[in-house]
Structures are given as C-alpha cells and as structure tokens.
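Listed here are the chains, written in short residue letters.
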Amino acid sequence: MKGQRTGRIGTVAILGAGPAASTLGVLLARTGLRVVLFHRPKRAPLLVGESLVPAIIPMLRLLGVEGQVRHFSMLKPGATFNISAAVNFSFPFEQLRGSMPRYAYNVPRDRFDDTLLEAARQAGANVIETAARVERVEGADRVRLHPDTLAAAGDCLPGPPDLIVDATGRARVLPNLLDIPSRSGRRKDTALFAHVDRTQLDHEGHVHTSRLDRGWSWRIPLPGRVSVGMVMGSEFLPKFGTSPEEQFDNLMRQDSVLREVAGDAKRLTPVMQYSNYQLVSSRVIGDNWVLVGDTAGFIDPVFSNGLFIGMHSAMALADAIREGTQPALRRYEREVIHHLETWHEIVDYFYDGRLFTCFHVGQMLRDTLLVKLTFSHVNKHLGRIFSGAASTSPYSVGLLRFAMKHGLMTDFAVLAKA
Ligand SMILES: Cc1cc2nc3c(=O)[nH]c(=O)nc-3n(C[C@H](O)[C@H](O)[C@H](O)COP(=O)(O)OP(=O)(O)OC[C@H]3O[C@@H](n4cnc5c(N)ncnc54)[C@H](O)[C@@H]3O)c2cc1C
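Residues numbered from 1 in each chain as written. Predicted model: local features only at pLDDT ≥ 70, side-chain atom pairs only at ≥ 80, totals over all residues. Heavy atoms only, no water.

1. Examining the overall build of the chain
Broken down by element type, the chain carries 13 helices and 19 strands. Relative to its length of 418 residues, the chain is compact, with a C-alpha radius of gyration of 22 Å against a globular reference of 22 Å. Taking the principal axes of the C-alpha coordinates as reference, the chain spans close to 70 × 45 × 40 Å. The buried share among the 418 residues of the chain stands at 54%. Put simply, 74% of the contacts in the chain that link residues at least 6 apart link residues at least 24 apart. (Helix = DSSP H or I, 4+ residues; strand = E, 2+ residues; numbered from the N terminus. Rg over C-alpha atoms; globule rule 2.2 N^0.38 Å. Buried < 20%, exposed > 50% of the residue type's maximum accessible area, 1.4 Å probe, protein only. Contact = heavy atoms within 4.5 Å.)

Right under this line is the structure:
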C-alpha cells in the first residue's frame, strides 16, 4: 500500500457495496477522502463466491476484519481435486512456502459482505441505502449520478463526485451504459448452486472440485451445511428439467459422481443460476469513471479466486486514486487487464486438460531424475499461483507457461520411453 494522497481526487462515489466496493471504501476513507457507497439493500437469497484463497488473508488483516470472518466461517486448510480415477489429489496449504498464510476460509457470503461493509462505515465511508442510477454525459467519456441518486446522498455529497467507481459486479452498470466492449471466454457454461445439509468430503474444510459425467462440481463446506455447485455447458441442462431446482435435484440423483458423494443430501435453499460469466472489459477507466471487481472482469469459478482478484484490484485502485493522476489510473487499468488475462490463460490450462495431464505424468514419473530435479520447484510455484500469492509474478507464471508448453512434451517423451 502506498502512502497519503497526493492527487486531485477528493470525492469518490462507489456504485455497489460488495467486497470490491467495501475494500476500496475502507482504504480511501482511511486516507481522508470523502467516500460514498451506494448500497442496493435487496439481495438474492444466496450469493455465490464462498471459498477464499490464502492470498486474501493478508487483505482481511489489513481491513481489520479477519477475527470476525474467522468467527462465522469454516477454516479451509486446502483444496481437493477429484478429476478421474487416476487424477485425485489434495493440496494442503501447509505446503505453501514464504510468508503466505497456510489457510483460508469458506465464508457465508451474506455475513462476509456485511462485515466488509461495516468496516467501510467504521473507516468513515458513507453508505447510502439505494440502488445507484447513472447517466451518460453526451459527447464525452464521462458519466454523472442521476439527480435522484445525488439527492439521496444528501450532505454526504454536496456536489458531483470527482470520480465514479462502478463496483456493481455482474450488473455491470457502466459497461452497459457506455457500451464498453468485453472479451468473452471460450466457455459458455451455466452454474447452478444451492446449499445442502451434508455431502461426503475427503478432507474437512477443503473445497472439493470433482469432474462430473458432464462438467464439474464444487463442494464448499460451510458451518452446518455444504454449498454444492454444478458447472456445465448450457446446452446440457434442459435434459435434466425445466427449472433450476429440477435440474439441480435431478443432477444430484442422476450424475454418477454426485450420486456417490451427495446422493442422500437434502437441499436447504433455492437454486441460483449463473450463465456465461467469463469476460474481460476492454476498458476499465474513462475521464471520470473507473471499473473495479467483477464489473471489470470475471474469469471462472474453478480456482475460487474471484474475490481475491476483485479485492486485489480494489487495493490497486486505492493506490491509483490516492495518486490521483491519469498515468496512475492508466497503470491500474493495465494491471487489472493483465491480471485477468493471465487467469484466463491459467483457467484454459485447466479446461483443456494440460494442467492435470502434466501433474499426472509428473506423479507417475516422480522417481526419474528429470522429474526429481524439477518437480518440487515447479510444484512450489504452482501452489503459489493457485493460492493467489504469485498470480501476478512473471517468474511463477512464466514457469507455468514453460511447463505447459515444454514440460508436457518432455513428460510424454519420457513416458513413451518408460
Ligand atoms: C458460479 C460462480 C462461482 C464462484 N465461486 C467463487 C468462489 O468460490 N470464490 C471466489 O472468491 N469467487 C467466486 N466467484 C466470484 C465471486 O462471486 C465474485 O468475483 C465476487 O463476488 C466479486 O465481488 P464484487 O464486489 O466485484 O461484486 P459483487 O459481489 O457482485 O457485488 C456487487 C454489488 O453491487 C450491487 N449492485 C448492483 N447494481 C447496483 C446498483 N445499481 N446500485 C447499487 N448497488 C448495485 C449488487 O447488489 C452487489 O451487492 C464465483 C462466481 C461465479 C459466477
């Protein structure tokens, strides 16, 4: 985190009050900026994004909320992947090296979001309980708050803010208003998710990622329940029913993997549905506006890193706003797009099978000299990428790229001779 503010931005309106918005709200209010968060109080019965990665822990400490989060969450000591009979492994965070915490949490999202928002309030941010409306300024790359929204802020915003930050998540208020193009990912998936009373788990607290007959699923243990998600190509779902509830319940009974691990589970909540969520905005800043969190882009749920990416971008944005210059904001834009594109690439390695083929072959050949020399080094850096610690490190990501390109060929060559 950089020091005191030096630029010209004195008042900031943040649209939304999710984790990215609240993180930004805390950091800006602490440096004396006038900050207003517009919070739409009505929320869906369940919020997605319940499993954290270890790299979020230092952020929770910085925001002063880790103790509270620990109190209502489930400790997450690692991640387990059930990919096939041959590829079935766990990654305990204990194996992480360096200063990164060796745990994370699985969080009930409503309480997590409320805790962060309260931290923003305590830091001095003003929270206005209303959905924000914005308008485009004709002939300029600018936006303004709708008069009703500005009026709702009352004395908290005596005039138009210097900067408007869109943190509205998948609602993407400014990208929709300004027709900002975005790059969609290759996957056209739908995710269904709900809470159930229990499922089988290989390791307590671990997020479990399992390959299904079609697609994949997550199991996230929470206090007193388990979050179950199913992700698959949207075209396959109608065969399981017409409503999300019917599809979810039938998949639990009919998919061979889910039947085994959760066949007798009782669903406790309605089923939520998300479709086609992989996208990256082509622009993240304008003359008087900025995007942060999911509004800027979201990649994929498979590595549980959406909150990490969103909160990380909020921290980078806080630095840029304190500096308050266009070059600082442009640097923020480059960093955010680069981070999202890097994750896009990593997620592609998961879906095209390269990541696990490489891992599997490495395991099979772990007694060979080549693998003995390289495996633990590569493994250490992969762990750092997936925990979030090194997802922006050129060395770790470069090593992953190298392993995916050359390591796989070497592995197959060795395998062919074996
Ligand atoms: C299927 C799926 C599974 C996922 N699983 C994980 C996971 O396990 N771990 C993880 O870290 N991430 C996960 N994610 C990603 C995670 O949910 C998001 O990255 C995270 O919630 C982004 O936070 P945010 O603050 O940017 O947006 P949000 O959390 O979406 O917050 C945006 C807020 O803005 C509000 N809003 C919208 N419009 C307005 C308006 N006009 N005025 C005022 N407020 C408004 C919304 O009500 C909301 O409160 C998953 C995502 C999907 C799709």
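Right, picking up where we left off after that structure.
2. Considerations on the site of the ligand
Near the ligand you find 30 residues, and of these Ala-20, Ser-51, Ala-132, Asp-294 and Leu-307 are the closest. Ala-20 places a polar main-chain atom, nitrogen or oxygen, 3.0 Å from an oxygen atom of the ligand. At a separation of 2.8 Å, an oxygen atom of the ligand approaches a polar backbone atom of Leu-307. Isolated, the ligand exposes 1,000 Å² of accessible area, and the fraction of that covered by the protein chains is 93%. Listing elements by their share of the shell around the ligand, those giving two or more residues are helix H1 (19-30) and helix H9 (306-323). Grouping the constituent residues of the shell around the ligand by class yields 15 nonpolar, 10 polar and 5 charged. (Near = heavy atom within 4 Å. Polar contact = N/O pair within 3.5 Å; in protein donor to acceptor, adjacent residues only side chain to side chain. Areas by Shrake-Rupley, 256 points an atom, 1.4 Å probe, with all protein chains shown as cover. Nonpolar A, V, L, I, M, F, W, Y, C, P; charged D, E, K, R; others polar.)

3. A closer look at the packing of H9 against helix H10 (residues 326-351)
Orientation of H9 relative to H10, taken along the N-to-C sense of each, is 165°, at an axis distance of 8 Å. On the basis of the axis angle, H9 is roughly antiparallel to H10. Crossing of H9 over H10 shows right-handed handedness. Packed against H9, whose contacting residues are Phe-308, Ile-309, His-312, Ser-313, Ala-316, Leu-317, Ala-320 and Glu-323, the element H10 presents Ala-328, Leu-329, Arg-331, Tyr-332, Glu-335, Val-336, His-339, Leu-340 and Trp-343 at the interface. (Axes fitted to C-alpha atoms, helices over the stretch in contact; angles between N-to-C directions. Parallel < 35°, antiparallel > 145°, perpendicular 65-115°, else oblique. Left-handed = near helix turned anticlockwise from the far one by under 90°.)

4. Brief notes about the sheet that holds strand E17 (residues 279-281)
Sheets are built from strands paired through backbone hydrogen bonds, the pairs being either parallel or antiparallel. The sheet built from 3 strands is open, its strands ordered E11-E17-E19 with antiparallel pairing. At either margin of the open sheet sits one strand with a lone partner, and together these are strand E11 (182-184) and strand E19 (297-298). Relative to E19, E17 is paired through 2 bridges, and the arrangement is antiparallel. Note on E19: the bridge partner recorded for Val-280 is Gly-297. Strands E11, E17 and E19 of the sheet are contacted by H10, whose axis makes an angle of about 160° with E17. (Pairing = 2+ DSSP bridges.)

5. Description of helix H4 (residues 109-123)
The terminal C-alpha atoms of H4, which comprises 15 residues, lie 21 Å apart, in line with the 21 Å expected from a rise of 1.5 Å per residue. The complete set of buried residues in H4 reads Arg-109, Phe-112, Asp-113, Thr-115, Leu-116, Leu-117, Ala-119 and Ala-120. (Expected span 1.5 Å × (residues − 1).)

6. What about the pairing of strand E9 (residues 142-145)?
In E9, alternate side chains face the same way, and those of Val-143 and Leu-145 are buried while those of Arg-142 and Arg-144 on the opposite face are not. Examined bridge by bridge, strand E8 (residues 134-137) and E9 share 4 bridges and lie antiparallel to one another. Across the sheet, Val-137 pairs through a bridge with Arg-142, a residue of E9. The antiparallel hairpin formed by E8 and E9 contains 4 residues in its connecting segment, where Gly-139 sits at a positive phi of about 75°.

7. Considering the side chain of Thr-209
Topologically, Thr-209 is positioned in strand E13 (residues 207-211). Sequence-distant contacts of Thr-209, defined by excluding residues within four places in its chain, comprise Thr-80, Phe-81, Asn-82, Trp-216, Ser-217 and Val-302.

8. Side note on the pattern of salt bridges
Per the stated rule, a full pass over the model turns up 19 salt bridges. Where Glu-66 meets Arg-61, a salt bridge forms, and the shortest distance between an N and an O atom there is 3.1 Å. Residue Arg-121 is joined to Glu-118 by a salt bridge in which the shortest nitrogen-to-oxygen separation is 3.1 Å. One end of the pair, Arg-121, and the other, Glu-118, are both in helix H4, 3 residues apart, so they sit about a helical turn from each other. On the basis of relative accessible area, Arg-121 is assigned to the partly exposed category, the value being 34%. Connected through shared salt-bridge partners, Arg-61, Glu-66 and Arg-70 make up one network. (Salt bridge = Lys/Arg side-chain N within 4 Å of Asp/Glu carboxyl O.)

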